[in-house]
Amino acid sequence: MIWFDIISGIISYGIFLYSLSLVIIYVLIGIFSIIETVRHLRANSFTDFRLLASSPLAPSVSIIAPAYNEGATIIENVRSLLSIYYSNLEVIIINDGSTDDCLEKLVDVYELKKVDEFIRHAIPTRPIRGIYKSTNPVYKKLVVIDKVNGGKADALNTGINMACNDYIVSIDVDCILEQDALLKIVKPLMDENSKRVIASGGVVRIANSCIIEDGSLVKVVLPKKYLPRVQALEYIRAFLLGRMAWSKLNGLLLISGAFGAFDKDLVIKCGGYNPNTVGEDMELVVRMRRYMEERKEPYLVKYIPDPLCWTEAPTSFKILARQRNRWMRGMIETLRAHKTMFFNPRYGLIGMISYPYWFFFEMLAPVVETFGLLSFLIMAIVGLVEWHFFFSILFFIVAFGFLFSTFAILMEVMSYHQYKKRTEILKLLLVALTEPFVFHPFVVWSSLQGFVDYLKKKKSWGTMTREGFKKVIVPN
Amino acid sequence: MRILLTIITCFFLAAAFGQKQKFIAGGSSTDLYINHKVASKETYSSIGNRYNISPQKIAYYNNLEFHNGKLLAKYLKVPLSSQNFVRMGDTRIVEGLTPVFKKANGKMGIIGYLNRGLMQPKISEDASREDLSSSIKDSVREKTTNADSIAGPSRDSVTMVAPQPVVAKKVTAVSKEFRIDNNKANRKRGFFRPKEYVKEFFSSAVTLTVITFCLIGLIYFYLSVKKKAFLSRQRLKTHVVKLISTAIINEDEDQAAQDETFELPRMLMKQFQSKDVRQLVIDELIVAKKSLRGKAALNLVQLYTYLGLLKDSLEKLKSEKWYIKAKGIQELAMMDQSKMMLPIFRQTNSKNEFVRMEAQSAIVHFGGFKGLRFLHILTYPISDWQQIKLIEQLSLLSEKELPDANKLLQSKNHSVVIFTLKIISVFHNLALHDDVIQCLHHVNPDVRYHAIKCLTNIYDDTTALTLQDVYTTEVIRNRIAILQTLKVVGSTEQADFLYLQLFEDDDSIKLAAASALIECCPDALELIGEVSSQKGYPYTNILHHIKEGLTV
């Protein structure tokens, strides 16, 4: 009995400290996020991003967009990328062994011709079948690489090998970029002289139901379906609060794979994207940070709260489950690959705060949460705790979650205010109320499956089918 | 986020499981007692207080003399009476009481519940009123006689052997007040046990909900205010734009006629005291001024001073807040207030980067290349972004020479050296060739890189050879830069040197050397072709690449 008491005591008070730490972290996240967002908005009022577009002194950038079976949308997406106004730019599309007519369409529409370009093999990749460039000078910025299928990370590495410019911007080819997205993501790379800015990222938003014309976002609309809508709220919370706060601390471990800029030289030194993980975006950032920490070189990972990139969210539970399963596996793989950083003072803030945070409060979250809820429910059923206590806690949980979501919506309204209609704000608030009962349990379940799949050593990405954007001509 | 809350519940569970302290009674059924292990600092009073019995009774029961000091005995028998003990089967059993066990026939069983007397249990419906009244009387009598001891020592010592409340299986109706009081009492006695905080959790949840609804109210209030402000701004903007348009096309030289032109429309006049309205006018003036030159631009500056907006900008310049100060500097610069150059110049080395940047831009706006004298005193780095911004401003000027550039190239601030090299490169200041060459030996590889790049635009006959000399001591990035520069500045003299670089390990160097060789040597294609046929990859690919480039 004494042992039982000791163990239960350790668990009780251990978890109490855990909860307390998390409360403090969330409060700090809120505070840092406000400070950083306000500072960014004020600083932005002095910035004329257009300067960069035409300046010959602007950093040279290579956009790298892997495409796999994107035949349905590839022409429009590439057109969108080519329409970006930036003088020192090349656009590299990697056809990662598509089985559809993706390459043929590109060749036809953009008048491509196979060329004998030399490509460095700074990072090992799967074989390249051919490099294509346009015979039409209008598309001189475009390079298409056709290669044997090797996954997203391998395709990105091929693009890095091909890239001629100083910075690479990795992007999901089906994403819709804001007109000035590239200018905004590049500027943070130029803001510092005393520290090397190794990567820069921005806010990704949900594009479902938005009106898209010729690969450009015409009108922002809150998703009409439940799942994308709740993900819109989830993204606002994650990007506007969490990542802004970590950016303030220079503790960010993740730049979204959908749109992120990196120092090419450093990426190559670090060995490029890891093709053996499904969370290649996070893994690269962690590896780059680790590299800099080990060499004691001052560096920064920058993040801006501006909405830069719009992506299509899963609309079915099946696809969502695959996505969350993959995210969890990617996170576990990354954290495991860099376990030496765990509470290691050699890695500074990353080792002592960022990594442990991700380990305890992101990776272990679904497990602890499920254990907590289930045992609590069972105890209520068998009478070990009373139902009024159970419901008080449940009420507290829902109230806390709702408060946090409402705070995120307030931040969104006061900063970038993308959803203009009041009814849209109301719908977001309503979705915040239902989230704990519908969306969240499903996401937790999918993450748990990710855990199980990781233990089974499952490596697949899972097919990500998309509905495609709404193409509506806006009436005048 | 909800993980946090679930974890809290998990903690509650663990805490609920951790309640295992047992009271085991000794003695006969008519003379029951509990053996209490005396903890350090415990007194009769604290023990009595804990077991809801007078401390004198404990002393008397143990044949000891009562005193208020430290106890010497290691164990004390605490008697169980009707005051502090509810027997099994008694209808007064309530939730929250601690069970007392007794061993009988080799088996341990509950014989009743310890009533610590901090509350009076509510009697179930079938309980007799007499029992209750006698119980209360007993309790009151006991407490009155031992009032001192009850109010006495602290209960801290109890934590050592703190008994935990266990949910009684045989619970009848329980009053809410009773539960709450019981919880409060127990909380004072020891560990934090979340189960006892039901009310607090509920009220916290209610508070959170109230805060949430306040935030929702704030969202809609903000939206409403924002919309109202937007509409009002739009209305005012129409008048401001009209005023500015009139000012732009004004050709009058006569002061009186000008004043008449600059007269505020009535609509604006009424609201011109408002800071927001004045700011709106300043913002619109700046937008218009950005695209104007000559007389039209001058008219806008005159309108700005006529309306007294200069005062607003000066106030901002004095502000302690960086974003207001920077805004003030920006306004003064845009409105050509060069008489404010001195106070603005002082801000060119401000510790705030935004104030510093705006001040530097303003000084360059006022003084052109001469304005760059702030570079001599600059102790902070000048960011790449700011460098682009300043060069953009300088490119609009007719003059193209940077005064004291050679001194700036020796600055201890490396970013100043890099910026100077960029200016020399962009404006082709050939006279500074030798000074730039000196930078090839700079300690900072970034400075050397920019010096190499700069030489592409200001080279002479000696440049190629100098670059060739420093090549071997350079880092990879700078070597590639040298090869790229040699592509422009090199001649047949560099052919041998470039040919050797084809055999470097780094593929980028091979490619850069081959590209330069093609420009410097007429037989380069044959040379690379030979290497390609001898060594194969990657030279074959490099050869194709070069040929492809020549075709294009």
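Just so you know, these numbers come straight off a predicted model, no measurement behind them.

**Quick word on the overall build of chain B**
Looking only at helices and strands, chain B has 26 helices and six strands in total. Considering only contacts in chain B between residues 6 or more positions apart, those separated by 24 or more positions represent 67%. When the accessible surface of chain B is summed, it comes to about 27,700 Å², and 55% of that surface belongs to carbon and sulfur atoms.

**Examining the sheet that holds strand E2 (residues 32-37) of chain B**
Residue and element names in this part refer to chain B. The six strands are arranged E3-E2-E1-E5-E6-E4 in an open sheet whose pairing can be described as mixed. Each end of this open sheet is capped by a strand with a single partner; those strands are strand E3 (75-79) and strand E4 (85-87). In this sheet, neighbouring strand axes are inclined to one another by 45° on average, regardless of whether the strands run parallel or antiparallel. As paired elements, E4 and strand E6 (residues 107-114) share three bridges and run antiparallel to each other. Each residue of the ladder has a partner; that of Arg-87, found in E6, is Gly-112.

**Overview of the state of the cysteines**
All names here are of chain A. Here the structure, examined in full by the defined rule, presents zero disulfides over all chains. Looking at Cys-210, it has no disulfide partner, and the nearest cysteine sulfur is the one in Cys-309, 12 Å off. On the accessibility criterion, Cys-210 (0% relative accessible area) is buried. In this model Cys-309 remains outside any disulfide bridge; the closest cysteine sulfur is found in Cys-175, 3.4 Å from its own. According to the relative accessible area criterion, Cys-309 is buried, its value standing at 0%.

**Focus: a nonpolar patch on the surface**
All names here are of chain A. A cluster of nonpolar side chains, Leu-374, Leu-377, Ile-378, Ile-381, Val-382, Leu-384, Trp-387 and Phe-391, forms an exposed patch at the surface whose accessible area comes to about 770 Å². Of all the secondary structure elements, the ones that give two or more residues to the nonpolar patch are helix H12 (365-382) and helix H13 (387-415). For the nonpolar patch, the element with the most residues is H12, which contributes five residues. Considering the arrangement of structural elements, one finds Leu-377 in helix H12. A residue is classified by how much of its surface remains accessible, and Leu-377, at 33% relative accessible area, is partly exposed.

**Digging into the sheet that holds strand E6 (residues 167-171) of chain A**
Residues and elements named next belong to chain A. Read from one edge of the open sheet, ten strands run E3-E4-E5-E2-E1-E6-E11-E8-E12-E7, paired in mixed fashion. Single-partner strands in this sheet number two, and they are strand E3 (112-115) and strand E7 (176-177). The pairing of E6 with strand E11 (residues 259-263) spans five bridges and is classified as antiparallel. Bridged to Tyr-167 within E11 is Asp-263.

**Let's talk about the nonpolar core**
In terms of nonpolar packing, the biggest core is built from 277 residues, with Tyr-86, Ile-93, Leu-182 and Phe-262 of chain A together with Ile-344 and Leu-372 of chain B touching the most fellow members. Here this core gets 15 residues from one element, more than from any other, and that element is H13 of chain A. For Leu-182 of chain A, the residues in contact, after removing those within four places along its chain, are Val-61, Ile-63, Ile-84, Tyr-86, Leu-89, Val-169 and Phe-259 of chain A. Formed by 18 residues, the second largest nonpolar core is a distinct cluster that contains Ile-47, Leu-71, Leu-80 and Val-100 of chain B.

**Focus on the confidence of the model for chain B**
Residue and element names in this part refer to chain B. Chain-level statistics for chain B give a pLDDT mean of 79 and a share of 76% at 70 or above. Mean pLDDT per element in chain B: helix H5 (residues 147-151) is the minimum at 33, and helix H20 (residues 445-455) is the maximum at 96. Overall, residues 118-191 carries pLDDT values under 50, and its contacts beyond four positions in sequence, including any with other chains, amount to 109 contacts. Under the prediction, the complex receives an ipTM of 0.86, its pTM being 0.77.

**Things to note about the pairing of strand E4 (residues 128-134) of chain A**
All names here are of chain A. Two strands pair when backbone bridges link them, and E3 and E4 are joined in this way by four bridges, in the antiparallel orientation. By the bridge assignment, Lys-114 is partnered in E4 with Tyr-132. As judged from the five bridges shared by E4 and strand E5 (residues 142-147), these two strands associate in the antiparallel manner. Paired with Ile-128 across the two strands is Lys-147, which belongs to E5.

Conventions we followed
Residues numbered from 1 in each chain as written. Chains lettered and ligands numbered in written order. Predicted model: local features only at pLDDT ≥ 70, side-chain atom pairs only at ≥ 80, totals over all residues. Heavy atoms only, no water. Helix = DSSP H or I, 4+ residues; strand = E, 2+ residues; numbered from the N terminus. Contact = heavy atoms within 4.5 Å. Areas by Shrake-Rupley, 256 points an atom, 1.4 Å probe, with all protein chains shown as cover. Pairing = 2+ DSSP bridges. Axes fitted to C-alpha atoms, helices over the stretch in contact; angles between N-to-C directions. Disulfide = S-S within 2.5 Å. Buried < 20%, exposed > 50% of the residue type's maximum accessible area, 1.4 Å probe, protein only. Patch = residues over 30% accessible without salt bridge, like charges linked within 9 Å, V, L, I, M, F, W, Y side chains within 5 Å. Salt bridge = Lys/Arg side-chain N within 4 Å of Asp/Glu carboxyl O. Core = buried A, V, L, I, M, F, W, Y, C linked by side-chain atoms within 4.5 Å. pLDDT = per-residue confidence, 0-100.

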